[in-house]
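Here's the letter readout for the chains.
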Amino acid sequence: TVCDFDTKALKESLRISPVGVSKLAVEVGEELRAWHRLKEYEIERQNEDLVQRLRDTVDQRNQEETDRRQVRKLIRQHLLDRASGALSRGEDLCFSKRLEMQTG
């Protein structure tokens, strides 16, 4: 043990055992190393989770931008098709819009 009690004396005295102290130091050192490894593992897992969340966020933002680009492309194509159809029918687009605004 780390501490030995002298039961022969009238007053109990406390003696520190050198073998116990070194054994305790070894055990504490082992526990500290195990705790340190566990903490390093936890930090590594947290960092991996953070990196994955960041990748997911970047992927999501890229997908949103791709979707926006596609919508803009479809709207542009729709407007060009309407303008082309109006021009092929000989309509004046500006005049048609003014009429719609006045009558609407």
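Residues numbered from 1 in each chain as written. Predicted model: local features only at pLDDT ≥ 70, side-chain atom pairs only at ≥ 80, totals over all residues. Heavy atoms only, no water.

## So, the overall build of the protein
The secondary structure content of the protein amounts to two helices and two strands. Expressed as a percentage of the 104 residues in the protein, the buried residues total 5%. When the accessible surface of the protein is totalled, it reaches about 9800 Å², and 57% of it is carbon and sulfur. (Helix = DSSP H or I, 4+ residues; strand = E, 2+ residues; numbered from the N terminus. Buried < 20%, exposed > 50% of the residue type's maximum accessible area, 1.4 Å probe, protein only. Areas by Shrake-Rupley, 256 points an atom, 1.4 Å probe, with all protein chains shown as cover.)

## Some points on a nonpolar patch on the surface
A cluster of nonpolar side chains, namely Val71, Ile75 and Leu79, defines an oily patch on the protein surface of about 270 Å² accessible area. Looking at the secondary structure, you find Ile75 in helix α1 (residues 18-88). Residue class for Ile75 comes out partly exposed when judged on its relative accessible area of 47%. (Patch = residues over 30% accessible without salt bridge, like charges linked within 9 Å, V, L, I, M, F, W, Y side chains within 5 Å. Salt bridge = Lys/Arg side-chain N within 4 Å of Asp/Glu carboxyl O.)

## As for the pattern of salt bridges
Tallied over the entire structure, the rule returns five salt bridges. The salt bridge involving Glu48 is made with Arg45; its shortest N-O contact spans 3.1 Å. With Glu48 and Arg45 both in helix α1, this residue pair falls three residues apart, about one helical turn. The exposure class assigned to Arg45 is partly exposed, which follows from its relative accessible area of 38%. One salt bridge in this structure joins Glu65 and Arg72, with 3.3 Å as the shortest N-O distance. Judged by relative accessible area, Arg72 falls into the partly exposed class, the value being 38%. What emerges from the salt-bridge pattern is a single network uniting Glu64, Glu65, Arg68 and Arg72.

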